[in-house]
Amino acid sequence: MKPRNIIPFYEGVTLPPSHAEHILQRNGRLAASLAEAQGFSHDNPVSHLDPYHFLPTPITQEQGEKHGMKSADDFYGAMVDYLQHADKGQLHEVVPDAENIPAHYSAEFARAVREVVLPGYTAYSQEDAIKAYLKLKKELSDKEKIRLKDPSASDCDRQFVLESEAHLRAILDRIFHPFPFENGLVLEQNLNDVSTITGGKVRVNGSTYQFIGNQVETSIPSPKGGRKTVYGGGDLLVTNSYISQDMLTPSQQELTLRLGRTYDAYSTLAPHVSRISFDMVSGHDSHGNEAHGITDPTMRVGGNDPSVIESMHHLNDSNRIVKAQTRLVYTSTKKPLPFNGTLYLDMADIKIVTRVIEVVE
């Protein structure tokens, strides 16, 4: 690909008011770092180079084409037919004879990924959510709990471990009324002792970068008192070639087995994607049996991108693997930066710092 001019793209994108400044600074610094790594120009208003858009969220194909984006070579992120194709609601089948199935939902895609996700269903009406709960209770053992999730939320917000059908009905009436008919709700098996593994790939400037690693959690004060667990960064292996299995933990090896089928399925659901990753939870069921399942797709600039983009500066024909770390540091925790590195976010309430630990030839 010839040199391009990277432009952070925000037209028609609604940024959360509480985090808009954070996103603008982080994405601006990431775009500048990506430009340097790839030999691109960055946000040059008079550049004669073709634009390469840095997308904060997935956009629709109609929106992308309006701005000259024809393929995944023109942007960092995803261009989809429906925005819902980028959320976790697509990962599960609906119950037989479902009352409501929106136009964006693909039963074929849900069948294709059924073996790589946790047992569960997506429901697009209150009645279907109750049917899904009862059906899943029959399919799992009596001791298994079910987790209810809002596909549009992140950092475990709007998730509930259900105690009974009555508990589900109360949450639907109190939290999800009116019901989110377009986005739906996910009901899936709840696991204990959970850890999260992440893996994905980025294609830019004719090169493909793959990454895999462990997520780190941290806790911050909750607005309602107590503490809230949130994403705290990750430890990644990033490669422009391949990573041998002996470098991976058992859970990371498990994720690599699931990624191939998942990539294949998404190539038909959302073919215009240059950046995609997946979270896989690993834990135990109520009987202590180990269980795994892909739970979340990410087709936007996400928490792992500082490590991935930072690693691009070191990857070449000789250096094929980089070990990188990213940490989110909330000032409310009164913790100092854990290491010296590149600051991709430097705000009063939160900082994002990234470093390369090792370059493997």
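For clarity, every value in this text was computed on a predicted model and none was experimentally measured.

A. Quick peek at the overall build of the protein chain. When helices and strands are tallied, the protein chain shows 7 helices and 19 strands. In terms of C-alpha radius of gyration, the protein chain reaches 21 Å, essentially the compact-globule figure of 21 Å for 361 residues. Expressed as a percentage of its 361 residues, the buried residues of the protein chain come to 50%. Contacts in the protein chain between residues at least 24 apart in sequence constitute 66% of all its contacts with a sequence separation of at least 6.

B. Representation of the sheet that holds strand β4 (residues 59-60) in the model. Strand order in this open sheet of 3 strands is β4-β6-β14, and the pairing throughout is mixed. Both outer strands of the open sheet, β4 and β14 (272-273), are each paired with one neighbouring strand and no more. Here 2 bridges tie strand β6 (residues 78-80) to β14, and the two strands are oriented antiparallel to one another. The partner of Ala78 across the bridge, within β14, is Val273.

C. Local environment of the packing of helix α1 (residues 20-38) against helix α7 (residues 305-312). As a packed pair, α1 and α7 sit with axes 8 Å apart at the nearest point and diverge in direction by 25°. Considering their axes alone, α1 and α7 lie roughly parallel with respect to each other. Every pair of crossing elements has a handedness; the one defined by α1 and α7 is left-handed. Residue-level contacts link Leu30, Ser33, Leu34, Ala37 and Gln38 of α1 to Asp305, Pro306, Ile309, Glu310 and Met312 of α7. In the contact of α1 with α7, the residues fall into 6 nonpolar, 2 polar and 2 charged.

D. The nonpolar core, seen in detail. Grouped together as the largest cluster of nonpolar side chains are 32 residues, with contacts concentrated most on Ile6, Leu34, Phe54, Tyr76 and Met312. Leave out the neighbours within four places in its chain, and Leu34 touches Ile6, Tyr52, Phe54, Tyr76, Val204, Ile309 and Met312. Ranked by size, the runner-up nonpolar core spans 27 residues in total, among them Ile197, Leu237, Leu269 and Ile321.

E. Region of interest: the sheet that holds strand β10 (residues 185-189). Spatially, 4 strands are ordered β7-β10-β8-β9 in an open sheet, and the strand pairing comes out antiparallel. Only two strands of the sheet have a single neighbouring strand rather than two, namely β7 (120-123) and β9 (159-162). For this sheet the average axis-to-axis angle between neighbouring strands, irrespective of direction, equals 20°. Contacts from helix α4 (residues 126-139) reach β7, β8 (146-149), β9 and β10 within the one sheet, and its direction differs from that of β7 by about 175°. Taken strand by strand, helix α5 (residues 165-174) contacts β8, β9 and β10, and its axis lies near 155° from that of β9.

Cut-off values and rules
- Note that residues are indexed from 1 along each chain, following the sequence as it is written.
- A pLDDT threshold of at least 70 governs which residues receive local features in this predicted model, and a stricter bar of 80 or more applies before side-chain atom pairs are shown or counted, although totals over entire chains, interfaces and linings include all residues.
- With hydrogens and water excluded, all non-hydrogen atoms of the structure serve as input to the side-chain values.
- Secondary structure elements are taken from DSSP: a helix is a run of H or I of four residues or more, a strand is a run of E of two residues or more, and numbering for both begins at the N terminus.
- Radius of gyration here uses only the C-alpha atoms, and the compact-globule reference equals 2.2 Å multiplied by the residue count raised to the power 0.38.
- When a residue's accessible area, from a 1.4 Å probe over protein chains only, is under 20% of the maximum for its type it is buried; when over 50% it is exposed; and in between it is partly exposed.
- Whether two residues touch is decided by their heavy atoms; if any such pair falls within 4.5 Å, the residues are in contact.
- When DSSP locates at least two bridges between a pair of strands, those strands are taken to pair.
- Note on method: axes are straight lines fitted to C-alpha atoms, helices fitted across the in-contact stretch only, with angles between N-to-C directions ranging 0 to 180 degrees.
- Here roughly perpendicular refers to angles of 65 to 115 degrees, roughly parallel to angles under 35, roughly antiparallel to angles over 145, and oblique to all remaining angles.
- Helix crossings get a hand from a simple test, with the near helix turned counterclockwise from the far one by less than a right angle marking a left-handed crossing and a clockwise turn marking a right-handed one.
- Throughout, the ten residues Ala, Val, Leu, Ile, Met, Phe, Trp, Tyr, Cys and Pro are labelled nonpolar, Asp, Glu, Lys and Arg are labelled charged, and all others, Gly among them, are labelled polar.
- The term nonpolar core refers to a set of buried residues drawn from Ala, Val, Leu, Ile, Met, Phe, Trp, Tyr and Cys, joined through side-chain atoms within 4.5 Å.

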